[in-house]
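Residue-level listing of the chains:
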Amino acid sequence: MLSVENLEKSFGDLQVLKDISMEVNHGEIVSIIGSSGSGKSTLLRCINRLETIDSGKITVDGQIMVSTENGKVQYANNDILNEIRLKTGLVFQNFNLFPHFNVLKNITQAPIRVKKVPKDVAEKEAMDLLKKLGLENRKDAYPHQLSGGQAQRVAIARALALKPVILFFDEPTSALDPELTGEVLKVIRSLAEMNMTMVIVTHEMSFARDISDRMIFMDKGVIVENCTPEELFNSKNERTREFLGKYHQGV
Amino acid sequence: MLSVENLEKSFGDLQVLKDISMEVNHGEIVSIIGSSGSGKSTLLRCINRLETIDSGKITVDGQIMVSTENGKVQYANNDILNEIRLKTGLVFQNFNLFPHFNVLKNITQAPIRVKKVPKDVAEKEAMDLLKKLGLENRKDAYPHQLSGGQAQRVAIARALALKPVILFFDEPTSALDPELTGEVLKVIRSLAEMNMTMVIVTHEMSFARDISDRMIFMDKGVIVENCTPEELFNSKNERTREFLGKYHQGV
Amino acid sequence: MDLVKNMLPSSIVTLEIFFLTIIFSSILGMFVAFGRMSKYAIIRIPIQVFLLIMRGTPLILQLMFFYFAPYYIFAATLPRFWAAILAFTLNYSAYIAEIYRSGIESIPVGQYEAATVLGFGKAETFFKIILPQVVKRIIPPMSNELMTLVKDTALAQVIGVAEIFKLAGATMSSQFSTVPLIVAGVFYLIMNAVVERFCFYLEKKLDYYE
Amino acid sequence: MDLVKNMLPSSIVTLEIFFLTIIFSSILGMFVAFGRMSKYAIIRIPIQVFLLIMRGTPLILQLMFFYFAPYYIFAATLPRFWAAILAFTLNYSAYIAEIYRSGIESIPVGQYEAATVLGFGKAETFFKIILPQVVKRIIPPMSNELMTLVKDTALAQVIGVAEIFKLAGATMSSQFSTVPLIVAGVFYLIMNAVVERFCFYLEKKLDYYE
Amino acid sequence: SSSSSSSSSANDDSLKYVMDKGELIVGLDDAFPPMGFRDDDNNIVGFDIDLAKEVAKRMDIKVKFQPVNWQAKEQELSSKNIDCIWNGFGITPEREKVLTISEPYMANPQIFVVLADSGIKTQDDLKGKVVAAQNGSTAYATIDKDTELKDSFKEFVGVEDNVKALMDLGVGGSDAVAMDTVVARYYMAKDPGKYSIIKDTTILDEKMGVGFRKGDNALCKKVEDTLKEMKKDGTLAKISKEWFGEDLTIIGEDK
Ligand SMILES: Nc1ncnc2c1ncn2[C@@H]1O[C@H](COP(=O)(O)OP(=O)(O)OP(=O)(O)O)[C@@H](O)[C@H]1O
Ligand SMILES: Nc1ncnc2c1ncn2[C@@H]1O[C@H](COP(=O)(O)OP(=O)(O)OP(=O)(O)O)[C@@H](O)[C@H]1O
Ligand SMILES: [Mg+2]
Ligand SMILES: [Mg+2]
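Source: prediction; values computed, not measured.

*Asks:* I'm lost on the overall build of chain A in this one. Help?
*Replies:* Each helix and strand counted, chain A has nine helices and eleven strands in total. The C-alpha atoms of chain A give 18 Å as radius of gyration, which agrees with the globular expectation for 251 residues (18 Å, within 12%). Overall size of chain A, expressed as C-alpha extent along the three principal axes, is 50 × 50 × 35 Å. Every one of the 251 residues in chain A was classed for burial, and the buried ones make up 60%. Within chain A, contacts between residues separated by at least 24 positions form 62% of all contacts whose residues are at least 6 apart in sequence. Element-wise, carbon and sulfur atoms account for 47% of the exposed surface of chain A, whose accessible area totals about 10100 Å².

What follows is the structure, encoded as structure tokens:
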């Protein structure tokens, strides 16, 4: 479904991603964990073409998005890029809601305009999502009137509304209370049952352990571990144990 | 140190805080937990005068900040308000870093300008804080170049740099990985040892349990529980058990 | 007073110049703004030169240029009125482009990213997501330009377009009195009060979000 | 040509008008902007009227007003030059105030809140936190006003201030030629090229943050 | 003083051009009373207007009055939007270099206007005083060139137009205004007793002509001849009396 090969990315002198290779299979849920600044968000941004890569190859659902030949980075043509775009979705770490649309419109605009879903259908589906996320009574509010957790749930609903085949989350539960984390977890599980592929950057270990088929641990721009949750939490790797140590302590 | 009595606050028709009363004693660490939209951020904002209250009384360190007589809300005079301001600090949920200052300047500006700390002293202290928070190599970066967790740590350092006597945190660890959560926890503990009073809104139950002398559970604008962590986690209250249930599940 | 009666046809000309200029230059201005922000120097640099000349030289010279230059080049002139509209449109599109640009550049990059990721095309992103937010932010500087335009219509007289200030000036010298000039001032003031109220209303209307 | 030789003193007058107006009106404009944003109607409404009159009536009338009116009211006139500076300053402070306002209102409220909570006073918050961010955002609309001002200095001739356009007009009339007008146009273009480069430089310099 | 009455050159079809289109387009500043300006009904009227109408009638063609901006009059002529400038147009050597100008048809000396109660009686009284003139007017240009005269003033100021120059005089911004007689008389009549003219001084003995494109000699000659004819049969005197109360026209008189 998704394959990343030898991806490299620097900001000026700072190399943020170093020779990253990973695969995500159809229907799989993969969590990416790692310390702050290890490049998790940057990796998602590269895959979603919000950053250009310095070298490497990315394939989505069989279509090559970008590859590197003799050191020259080559992106696919626009038709292919647009096809890929429709298959992927991303929930941002800082939400990026549209301030001039109310909650409902934030969610329905993309289905209506991009996927040409009829307005009433889009609104019905949006209301279903809002209900699932406990937000039906805030549907007319504007983003600046939402609490942190509410804004985050709207951002999640907005991405889900497009029904992508692969969905990326950047810390989807960071502003959610445990109760809502549970709700979001439920939603993500139901998506998993519908065979949606998901890649989730998160700091919540228990959440990641619960939801993931596989977990990737990144450190300073490289992938240190790429294995099942059980394997990860029993890893012998020094760095992994150190990182998870704090989590074990916390529990 | 801090006392809130019968505080009420509405946004239009939506009553967000209903008859809130609470006390925080000198040197105490109080966590506020509760579902999204229950009014936690609004409470902090009212105490920090970022929202005006509809009625009630707030006292900080013996000084009355605002009171209500015969239904008329009466704020203290500016001298007193300024004195209170210097005693309190707040770390925002969405950081609000100054985009035109680099990390170091974000931290040193307030000490230099407001507390008239000499520049070299302020910078030395800022570097100590950055080191504690694992950010010394990002001191020259601008906010838009930081990862989510880095930005949050800078926001924390900025508030700590002013050495307030009472410090409010709105979800200080929500974008932090477990390792850093541990770091921040250490910093907060060392502050506690220096007898700093702290009020922390958080969704991380283990963090709250570890750090707090007392925990407040808010639901739909009212305080449901106000007790020690042990009492809270063993509460008989229906709503509390329901809320914490998800947490217990997660662990 | 006859002056007021005589003002009717002139004020219609003034209004025509005003509205045609606004319509054309706010569309053209958008393209100019995009050109100015282009990452290709071959587009950006000519646009910068265009902006410099249009904003850097007096409108009165531009009016004369567009009316008289075609004669020397093509041995034909544009009708006075349309030469004036052409000059006004090009001139104002330059000013408006810079205002658009400041507005567009103040929108957080996250808004583009969110729209991109949701699959919005470039045009949709701009018109549905960015522009509505830009409009809210640029109302005050736009009102500056609109109010200046109301008064700049007076310059059309240079190429013999009979707008209102021209009439006032002529009446002033024949009657040896400042009254006509003040009447024209009041006319501009009224027209600009309408512009101001309109901008104020728009601002209030868009105040529902932050 | 004598014209160029004669231009020196006039162009100094033009530069004086330009710089004095910028200095005075960018300070005054700040107060006007605050007044316009005041929550007290007793401050806000008079400021709105001031803005409407200053932006709504021709600068030429304002120039005449500040030069001629004092005689009828106080039986004394201001020196021509200072009457011109007064009119220019008041006029431009109105335009600049609206630009400040749009810039100030586009700064996220979180920036004020962060500064407030850190104990910054109102003035410090404005000058250290808000203004630097405002400056970056308002450069394009400000460059519009600066470039217009360069050309508006020509209006000072109405009340007999010997700036450069007056010289051009006088020479043109006696020689029956447009050359002096074009020379003046080139002068404005050069001055505005300097203004444009300055704004461009400032924008680049402030591009280090988002 | 005229260079225009020379014989028409062989390929000068300027007269034919005008006769063929059957219309003479007269360019003017319609804010220049009493030569050409708008009356209360917004019609263009004035002394020069009456002359041009009569000339066109005698040439059996129509006449059209096209207001032009003074700053654009050169382009208006050369782009053939107008055929002549007929608007109290002063004859100067500079203008004769670039235009073909008719013989003078009227004298219009430049004089000083002062406030009647100012006590200024002679040109000597103007020493150390502030003198104003309309920017770009003949009076302005003449004084500007006469360094000795100019330096005897405290200040010499160029103001946008004659009306503002007189307003400036009124508020004490200046002590005298240099302008041409025709215009001065017109404004003085609007406000009787307020102003006076300094006697026995003329800054420049300016004369008025009609300006044509350089080389349009045939057309110029035709207009000149028609004016002379009108002088002879008394029509010019009649029109002049209507506007000025006396005959100020000089065309066809002995020089
Ligand atoms: N535009 C940029 N310019 C320069 N450096 C950047 C930029 N964006 C990110 N970085 C740096 O790249 C590194 C990786 O950032 P990234 O946002 O990918 O981290 P992350 O793993 O998502 O961290 P977090 O868990 O804190 O969100 C960080 O050191 C960050 O400061
Ligand atoms: N400016 C506003 N206008 C209208 N409603 C608002 C405004 N600010 C907050 N609210 C509403 O007030 C309620 C409480 O918000 P608050 O931000 O205090 O919640 P919270 O407890 O901090 O939630 P979270 O854990 O999600 O951050 C929410 O329903 C929110 O939508
Ligand atoms: Mg991140
Ligand atoms: Mg909150």
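*Asks:* I tried to follow the interface of chain D and chain B on my own but got confused; where do I start?
*Replies:* The parts lose accessible area when they come together, and the size of an interface is often stated as this lost area. With 18 residues of chain D in contact, the opposing surface of chain B contributes 22 residues. Buried surface at the junction of chain D and chain B, both sides included, amounts to about 2000 Å², of which 66% is carbon and sulfur. Contact with chain B buries surface across chain D, with Val117, Leu118 and Tyr208 of chain D losing the most and accounting together for 33% of the total. Our count for the chain D to chain B interface comes out at one salt bridge.

*Asks:* Which parts of the structure should I look at to understand unusual backbone geometry?
*Replies:* What is expected of a backbone is that most residues other than glycine have negative phi and most peptide bonds are trans. Residues Pro33 of chain E and Pro34 of chain E are joined by a peptide bond in cis, for which omega reads 0 degrees. Examined against the element boundaries, Pro34 of chain E turns out to sit in the loop between strand 2 (31–32) and strand 3 (36–38). Phi is positive for Phe95 of chain A, close to 70 degrees, though the residue is something other than glycine. The topology assignment puts Phe95 of chain A in the loop between strand 7 (88–91) and helix 3 (103–113). Residue Arg49 of chain B is not a glycine yet carries a positive backbone phi of 60 degrees. Arg49 of chain B sits in the partly exposed class, given a relative accessible area of 24%.

*Asks:* Whenever I open this one, the sheet that holds strand 9 (residues 110–115) of chain E confuses me. Can you help?
*Replies:* What holds strands together in a sheet is hydrogen bonding between their backbones, with the strands either parallel or antiparallel. All names here are of chain E. Reading across the sheet, the five strands line up as 11-10-12-9-13 and stay open at both edges, with mixed pairing between neighbours. Among the strands making up the open sheet, the edge pair consists of strand 11 (155–159) and strand 13 (195–197). On average, each strand axis in the sheet is tilted by 30 degrees relative to the strand beside it, whichever way the strands run. Sheet topology note: the strand 10 (residues 130–134)/strand 12 (residues 176–180) ladder contains three bridges and is parallel. When the sheet's bridge partners are listed, Ala133 is paired in strand 12 with Ala178. Packed onto the sheet, helix 7 (residues 162–170) meets strand 9, strand 10, strand 11, strand 12 and strand 13 and runs at close to 155 degrees relative to strand 12.

*Asks:* Is there a simple way to explain the site of ligand 1 in this structure?
*Replies:* Surveying the vicinity of ligand 1 reveals 21 residues, the closest of which are Ser41 and Thr42 of chain A together with Arg138, Ser147 and Gly149 of chain B. Residues close to ligand 1 are split across chains A and B. Taking Thr42 of chain A, its side chain carries an N or O atom lying 2.5 Å from an oxygen atom of ligand 1. Within the contact set of ligand 1, an oxygen atom lies 3.2 Å away from a side-chain nitrogen or oxygen of His203 of chain A. Protein contacts shield 88% of the accessible area of ligand 1, which totals 640 Å² for the unbound molecule. Those elements that place two or more of their residues in the shell around ligand 1 are strand 2 (14–24) and helix 1 (40–47) of chain A together with helix 5 (148–160) of chain B. Its residues assigned to classes, the shell around ligand 1 shows four nonpolar, 14 polar and three charged.

*Asks:* Whenever I open this one, the relation of the copies chain D and chain C confuses me. Can you help?
*Replies:* Superposition of the two copies of the chain requires a rotation about an axis and a shift along the axis. For the pair chain D and chain C, the relating rotation is 180 degrees, the translation along its axis is 0.0 Å, and the fit reaches an RMSD of 0.1 Å. Such a turn and shift between the copies fits a two-fold axis. Taking C-alpha positions as reference, the residue of chain D nearest the rotation axis is Pro141 of chain D, located at 3.2 Å.

The rules behind each value
- Residues numbered from 1 in each chain as written.
- Chains lettered and ligands numbered in written order.
- Predicted model: local features only at pLDDT ≥ 70, side-chain atom pairs only at ≥ 80, totals over all residues.
- Heavy atoms only, no water.
- Helix = DSSP H or I, 4+ residues; strand = E, 2+ residues; numbered from the N terminus.
- Rg over C-alpha atoms; globule rule 2.2 N^0.38 Å.
- Buried < 20%, exposed > 50% of the residue type's maximum accessible area, 1.4 Å probe, protein only.
- Contact = heavy atoms within 4.5 Å.
- Areas by Shrake-Rupley, 256 points an atom, 1.4 Å probe, with all protein chains shown as cover.
- Buried area = accessible area lost by both parts, 1.4 Å probe.
- Salt bridge = Lys/Arg side-chain N within 4 Å of Asp/Glu carboxyl O.
- Pairing = 2+ DSSP bridges.
- Axes fitted to C-alpha atoms, helices over the stretch in contact; angles between N-to-C directions.
- Near = heavy atom within 4 Å.
- Polar contact = N/O pair within 3.5 Å; in protein donor to acceptor, adjacent residues only side chain to side chain.
- Nonpolar A, V, L, I, M, F, W, Y, C, P; charged D, E, K, R; others polar.
- Least-squares fit on C-alpha atoms with pLDDT ≥ 70 in both.

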